[in-house]
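Chain by chain, the residues:
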Amino acid sequence: MADTVVDPRPDRGGPAQPLVIAKSLKRHFTISKGLFGMKASAVRAVDDVSFTVEKGETLGIVGESGCGKSTTARILVGLTPIDSGDLIFDGEQLGGDLTLKDLWAGVQMVFQDSYASLNPRLTIEDTIAFGPRMRGTSTDDARALAHELLTRVGLAPERFAGRYPHELSGGQRQRVNIARSLAIRPRLVILDEAVSALDKSVEAQVLNLLTDLKAEFGLTYVFISHDLNVVRYISDRIMVMYLGEVVEIGPVEKIWQRRAHPYTAALFAAMPSMDPDDRTEVPPLAGDPPNPIDPPSGCRFHTRCAFAEPMCGTARPTAMPVAGDADHMAACHMLDPASGHSRAAARIAELAA
Amino acid sequence: MASIGTSIAASGPPKAVVRSKGYWSGVGARLRRDPVALVFGTFLFAIIGAAIFAPYLGLQDPYAGSMVSRLKPVGTPGHLLGTDELGRDMLARLIYGGRLTLLLGLLPVLFAFMIGTVLGVLAGFVGGLVNAVIMRTVDVFFAFPSVLLAIAISAALGAGIINSIVSLTLVFIPPITRVAESVTASVRNLEYVDAARISGASAFTVVRVHVLGNVVSPIFVYATSLTSVSMILAAGLSFLGLGVKPPEAEWGLMLNTLRSAIYINPLIAALPGVMIFITSLCLNLLSDSLRTAMNIKD
Amino acid sequence: MTEALVDIRNLNVRFHGARTVHAVNGLDLSLKPGEVLTILGESGSGKSVTLKALLRLLPEKRTAISGAMTVDGIDVMSLKGRALADYRGGTTSMIFQEPMLALDPVYTIGEQIAEAVCRHKGISRSAGMDVALDMLKKVRIPSPERRLKNYPHEMSGGMRQRAMIALALSCRPKLLLADEPTTALDATVQIQVLLLLRELQKEFGMGIIFVTHDIGVAVEISDRIAVMYAGTLIETGTTREIIRDARHPYTRGLLAANLHDVTPGTRLEAIPGAPPALDARPTACSFAPRCPEAGPVCSAALPPVLTPGAGRRVVCVPKADRFAGATSAAPAVNA
């Protein structure tokens, strides 16, 4: 009966199968300079990035501008093609058993700019109903579905369905974007700075809504934000990126207690203190993040790292478990006893304590 | 896990939804509140109306000359706006002349709007090689001044109304294509187009629903600003003998044939020019108002 | 009371246009010399408008401003022509969120600073260049001699923000207005710029009015915080007082929404609803419709100004009076 309105993509691999396995994702953008595009340089937006997203979890991705978090998000929804690497969604490989169209049936995205992500010439209900209609739902059913979703995200359909995006506030528009992303019943929703542009009081409402919807529809989230407080609140695990690479990944509370990578530590230390009697006195890092065009060699963080040694500029670190915990990995020479970094032994002992 | 859709059957018909005004009715409402648009729109409407209904206005025959009443001044009884060098009634000729001139002003722009939009949207949305081929071809046309281009094409095709329309259409395709391409390229990068793509729609549907609707208004506004140029160019072609041929009434051609009368009765000789001026002024001001009215963000 | 550097009395700002916007209503604010005050508020709260009003940057034709503003003894409202130009950039200077829009792209950083100094201080061009170099050193731009000859687009975001600060401080203003200068920056760069501003403030001894929506930033930079909501100043106090002992329900809501120290998985205490439209001058507490503690009195009349301590102001109906019910037709739920 009405269940035929929208068919969710069925679970294939079972609960133990990660929903997403990303293996050595690479995406370089070439920029041509000069009259005939002779001098080409590459932006290494995403360079050898591997991670998994388990079913039902929220993976938070943090990092500064140019770290590749938005490119990673666009790769996950198939909006940006990969140069090399594997993207496996619920056991099926993109480009193999899984076509882009199949991927889009399971993954949707909520963008940062709530205005630019809504077609200004379509009413709210037409925007939400567009996806289901493209998948063969009848106009009436799609419209009814849009109304139901509007109710779920807290917007009364009688008042909002017939309106245009410019007649809504930022918070209301972002609710519409969330409703639109759920309309074709995805299993994974990528939230790319989805609450960053909202006022704090509205942000909290939307975060509560996201939590409710996740439980209600059994969703998995990838949540991208520059706000560590928000990421800590909503995520189960977090992934820290720097200049197109993953520097640390692990359960949120473990990282909060043990910031294994110097960059993670700096990022956390850069958070405003919220205590007027204990304000930040020394900036954790100097200078701006380097340009991702032709990034530093070796460990990309070595140009800003307080512990950098000559070997950091030549050898690229591999991800090592932190304190013997395979859930918590970081890519730093100080965690690798065989790396030759003079602080390695002391640092490993310190983190194990 | 809840399932969306299961409760639709139970919830019955959707409740009455408050609908906002559609885009075009919003544009119409804003235009009606704009005094400039109202005044000059009425003017233009009158000129176009008079041209269309010229045979029913009880005017004199625009082709019937009289050797005895040549170049009569403005205000002559029976000839409100005087007569031309062959003694034909100026009022009748100006109103009849509007038919051809307006046709030559509007039709080429309309055709160029349709062709240029298709080319520009194609170039802007597909990008890559398609963009390079279309836009570089367009650039070749840009190397020539539009007047020169119109004259060259007209001269190659030969004089005549149809050929004038064809040559002017060719003149206006490049600028409209260029505007359409740049607007499309900026819309293509907006996130609602990404969102439409990941909802699984075909490229054609994405363009039809999400791109076209948002690029048509700026292109249209630009095209309306070209109608006055087109009219003047058409008048110019006729003036040079490359467009409409005598004894046809057309403002540019009239300007040409009355040239010799400029020392005898300068006011009469200037009248077709005044008509061209007023009409293109109306078109330009209306195009400005349209641009304001089509802007969604208040 | 000590002589105030900035004194704003009953400032009202109204924009006309397609619809009227009451952007700022009855704002009273003062700043002591050398003090850092943050105006904290969300979009549409009137915080940036207040700042622009202080520099007379609002479009005159579409704006109706009333009230009194003095900065360092200058009556800002009556300034005209040359005196206004001297005031802007001389006595009072401003830095913005987007330095790319505030810096002129066709002049080098050095030329822009030198020009400002020459204009305000009447010194020679080469002396102006010396000041420019000195300022770039003061804002800790690496290799300042080279950067002097850079155009804005040749610098990174954090560097441009430093250059804009150098430009703003080059004429030694007594008052610096900062409109969200760190919002567009990355976290690790934001903290550098905040610390730099703090240091320069100590060195130059100027007063700063800093506008932000981020409480954390406010805590890092300011001595005092003023919270605005829907065009009204609702609470003022020292940073400690606001963080440790917020009295207004809106301020408390904002503090909770910062998510600092929130246990993951617990439900957030979000302020419901959205800020009101500003098309009419408020006749009652603007926050009452969203306030979890509001009573009938709150939506009946403008709330009183409470002064729980020296320099402390809270615009809120005292808890005990909220359900007095005398002025409202609505039945009191419980007294």
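Preceding this section is the structure that the text describes.
Residues numbered from 1 in each chain as written. Chains lettered and ligands numbered in written order. Predicted model: local features only at pLDDT ≥ 70, side-chain atom pairs only at ≥ 80, totals over all residues.

Participant: Give me the pairing of strand β10 (residues 245–251) of chain A: which residues, what numbers.
Facilitator: The buried fraction of β10(A) amounts to 6 of the 7 residues, a majority that puts the element mostly inside the structure. Here strand β9 (residues 237–242) of chain A folds back onto β10(A) in antiparallel fashion, the turn holding 2 residues, of which Leu243(A) has a positive phi close to 45 degrees. (Buried ≥ 20, exposed ≤ 12 C-beta atoms within 10 Å, placed from the backbone. Helix = DSSP H or I, 4+ residues; strand = E, 2+ residues; numbered from the N terminus. Pairing = 2+ DSSP bridges.)

Participant: So what's going on with the environment of Asp84(B)? Residues and values would help.
Facilitator: If you trace the backbone, Asp84(B) turns up in the loop between α3 (35–52) and α4 (90–126). With sequence-adjacent residues up to four places away left out, Asp84(B) is seen in contact with Met90(B), Arg93(B), Leu258(B) and Ile268(B). (Contact = placed C-beta atoms within 7 Å.)

Participant: Tell me what's going on with the nonpolar core, and back it up with residues and numbers.
Facilitator: The tendency in soluble globular proteins is for nonpolar side chains to be buried side by side. Counting residues in hydrophobic clusters, the biggest one holds 261 residues, and the most contacted among them are Ile190(A), Val222(A), Ile176(B) and Ile113(C). Residue contributions to this core peak at 15 residues, all from helix α9 (residues 203–239) of chain B. Residue-level mapping places this core at the junction of two domains, with at least three residues from each of domain 1 (16–239) and domain 2 (296–353) of chain A. Non-local contacts of Ile176(B), meaning those with residues more than four positions away in its chain, are made with Ala112(B), Phe113(B), Gly116(B), Thr117(B), Gly120(B), Ile219(B), Tyr222(B) and Ala223(B). Counting 6 residues, the second largest nonpolar core, distinct from the first, contains Ala37(B), Phe40(B), Cys282(B) and Leu286(B). (Core = buried A, V, L, I, M, F, W, Y, C linked by C-beta atoms within 7 Å. Domains from an automatic or database assignment.)

Participant: Give a detailed account of the packing of α4(B) against α9(B), specifying residues and quantitative values.
Facilitator: All names here are of chain B. At a minimum axis separation of 7 Å, α4 and α9 run at an interaxial angle of 145 degrees. In this structure, the crossing between α4 and α9 has a hand that is right-handed. Across the contact of α4 with α9, the residue classes tally to 18 nonpolar, 5 polar and no charged. (Axes fitted to C-alpha atoms, helices over the stretch in contact; angles between N-to-C directions. Left-handed = near helix turned anticlockwise from the far one by under 90°. Nonpolar A, V, L, I, M, F, W, Y, C, P; charged D, E, K, R; others polar.)

Participant: Outline helix α6 (residues 170–182) of chain A, listing residues and values.
Facilitator: With 13 residues, α6(A) should reach 18 Å at 1.5 Å per residue; the first-to-last C-alpha distance of 19 Å fits that figure. Most of α6(A) is tucked away: 12 of the 13 residues are buried. Every buried residue belonging to α6(A) is among Gly171(A), Gln172(A), Arg173(A), Gln174(A), Arg175(A), Val176(A), Asn177(A), Ile178(A), Ala179(A), Arg180(A), Ser181(A) and Leu182(A), and all of these are buried. Tucked into the core, α6(A) has its buried residues touching β6 (107–110), α3 (124–134), α4 (139–152), β7 (188–192) and α7 (200–217) of chain A together with α8 (191–198) of chain B. (Expected span 1.5 Å × (residues − 1).)

Participant: Talk me through the sheet that holds β9(A); I want residue IDs and the actual numbers.
Facilitator: Residue and element names in this part refer to chain A. Pairing within the open sheet is mixed, and its 8 strands lie in the order β6-β7-β8-β3-β9-β10-β12-β11. Taken across any chain shown, the strands that pair with only one partner, and hence form the sheet edges, are β6 and β11 (320–322). Strand-to-strand twist in this sheet, taken as the mean axis angle between neighbours without regard to direction, amounts to 25 degrees. Here α6 sits on the sheet and contacts β6 and β7; the angle it forms with β6, its principal contact strand, is near 175 degrees.

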